[in-house]
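# Residue-level structural notes
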Amino acid sequence: MVYVELKNVEKSFDDLEVLKGISLTVNEGEVVSIIGPSGSGKSTLLRLATLLEPWQKGELYYMGEPAVTMQNGYSVYEKPAQLKEIKKDFGLVFQNFNLFPHKTVLQNVSEAPIHVQKREKDVVRKEAMELLDKMGLSDKADYYPSQLSGGQQQRVAIARALALNPKVLYFDEPTSALDPELTGEVLKVIKALAEQKMTMVIVTHEMEFARNISDRIIFMDKGVVAASGTPEEVFNSDNTRMKEFLGKLSHA
Amino acid sequence: MSFPVMLSELSEGMLKSVGIFVLTLIFSLPLGLVVAFGRMSKNKIVSGIIGFLISILRGTPLMLQLLVVYFFPYYLFGWSIGGWRFPAIIVGFSINYAAYFAEIYRSGIEAIPKGQHEAAQILGYTKVQTFFRIILPQVIKIILPAITNEIITLVKDTSLAFSLSYMEMFTIAKQIAAANTTFMPFVVSAVFYYVFNFVVAFVMRRMEKRMAYY
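Quick caveat: nothing in here was measured; it's all calculated off a predicted structure. (Residues numbered from 1 in each chain as written. Chains lettered and ligands numbered in written order. Predicted model: local features only at pLDDT ≥ 70, side-chain atom pairs only at ≥ 80, totals over all residues.)

Strand pairing in a sheet is mediated by backbone hydrogen bonds. Such pairs are either parallel or antiparallel. Residue and element names in this part refer to chain A. The strand order β7-β8-β9-β3-β10-β11 describes an open sheet built from 6 strands, whose pairing is mixed. Looking at which strands have only one partner, the edges of the open sheet turn out to be β7 (90-93) and β11 (224-229). The average angle at which neighbouring strand axes cross in this sheet is 15°, direction not considered. Relative to β11, strand β10 (residues 216-221) runs antiparallel, the two sharing 5 bridges. The residue of β11 that forms the bridge with Ile 218 is Ser 228. (Pairing = 2+ DSSP bridges. Helix = DSSP H or I, 4+ residues; strand = E, 2+ residues; numbered from the N terminus. Axes fitted to C-alpha atoms, helices over the stretch in contact; angles between N-to-C directions.)

Here it is as structure tokens:
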């Protein structure tokens, strides 16, 4: 089943064309990594898919249901009620975590299910504790985010997103704010999710990681998809820009 | 006039000063939040008008504003203003302080990183939930020292009610001083104001400490 479909997405900031007609389909259980140089539009694409950024041109579907469609050459949003339903389908893990600093780890994970989904407090807390346990953070439940390392904070953020049971989980450079050691512990968690067939779209600069866990890789450059396919296809592609990008990486 | 009599008269005035203080806070703190939203409105006309009002309220003396609020029903509509004295004081103080509080709220709200709003949006919080559950608690922590400043100023500003001949402490102190050619009432009222503010500062400090959990 197709979980996410983006069609011909175009986006400009003033005169700067960031996305020039990108299409992307994500299937159930698939792990798709989006790689590419800074400024290539990866994060913007993610922010459009999660409805954080206003749409200009293009269409968006979740589970076959429209969220944004084209009318007279411009994107038009579905009704708020429909969008509200669609927003339940996805979660997002931010580069800089964006945990709520005034809430404990457990509150960060459990409050959205309680206040947004209106689920039973005791059940939610129990599930939240299980999630934290999976993240190796059960002993940190009563800590505040500022008392945790970056890697721990990011794992809390992942737990917070998972607590709402999204069908698709987006990651926006989840390890870019972390040192190599902390990066490792976060990647381990994402890898475990991939093994459980969680549908994920990951914007990342961790090439080896993307290569290892992805079913499909999208290489973006200057607002277009320059190469895409299985990790092997993309990493061995003849695309000069891709070679350049990877070459620069290995010399860095 | 004996010292105990003076003290009891001043205490009565003190109660009225406290009345102005409490009522002003009750009205101006929430009103300030509403004004802050108007000031931050995406509607340029709304934010422009509110911005202009704030600049008038901050740019002219409170004493003058009290006189305007008190007398305008009479001069504009010819209404009788008997019984309007105390309400006028509360209205004048509340509007003036709301303007200051609004700018403090705005500074705090704008200090919250955009990522907090985005995280809440992704988690499905409504705008109202986002504000009251995520943004406001963080704002309060940021603005508490600035609010304390304003509240301390308000304690002293209550004396401006003398401009409408309202019998708060400072008005009484002046009368006693004039009638008995003594400086003593001023000394006593100074002590009153100081003790009042000492308590205010203590309470606010406690609140700051309670907010220091993260």
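Residues and elements named next belong to chain A. Sheet architecture is open: 5 strands sit in the order β2-β1-β4-β5-β6, paired in antiparallel fashion. Strands with a single pairing partner mark the edges of an open sheet, and in this sheet they are β2 (16-27) and β6 (74-77). On average, adjacent strands in this sheet sit at an angle of 20° to one another, irrespective of strand direction. Sheet analysis places strand β1 (residues 2-13) next to β2, joined by 9 bridges and oriented antiparallel. Its bridge partner being in β2, Leu 6 is matched across the sheet by Leu 24.

Note on interface size: it is often stated as the accessible area lost on association of the parts. Contact with chain B, which involves 15 residues of that partner, is made by 18 residues of chain A. For the side of chain B that touches chain A, the element with the highest residue contribution is helix α5 (residues 114-122) of chain B, accounting for 6 residues. Taken together, the residues that form the side of chain B that touches chain A break down as 7 nonpolar, 6 polar and 2 charged. (Contact = placed C-beta atoms within 7 Å. Nonpolar A, V, L, I, M, F, W, Y, C, P; charged D, E, K, R; others polar.)

Moving on, we get to the domain arrangement of chain A. Residue and element names in this part refer to chain A. Under the domain assignment, chain A is made up of domain 1 (2-89 + 168-251) and domain 2 (96-165). Taking the mean C-alpha position of each, domain 1 and domain 2 sit 25 Å from one another. Listed by partner, the interface residues are 8 residues for domain 1 and 9 residues for domain 2. When residues of the side of domain 1 that touches domain 2 are assigned to their parent elements, the largest contribution, 4 residues, is made by helix α6 (residues 180-195). (Domains from an automatic or database assignment.)

The subject of this paragraph is the pairing of β6(A). Residue and element names in this part refer to chain A. In this sheet, β6 lies alongside strand β5 (residues 65-71) in antiparallel orientation, the contact comprising 4 bridges. Looking across to β6, one finds that Met 70 is bridged to Ser 75. The hairpin formed by β5 and β6 contains 2 residues between the paired strands, and Asn 72 there has a positive phi angle of roughly 55°.

Time to look at the confidence of the model for chain B. Residue and element names in this part refer to chain B. Within chain B, residue pLDDT values average 95, and 100% of them lie at 70 or more. Ranking the elements of chain B by mean pLDDT puts helix α7 (residues 169-180) last, at 93, and α5 first, at 98. Overall fold confidence (pTM) sits at 0.88, and the ipTM for the predicted complex is 0.92. (pLDDT = per-residue confidence, 0-100.)

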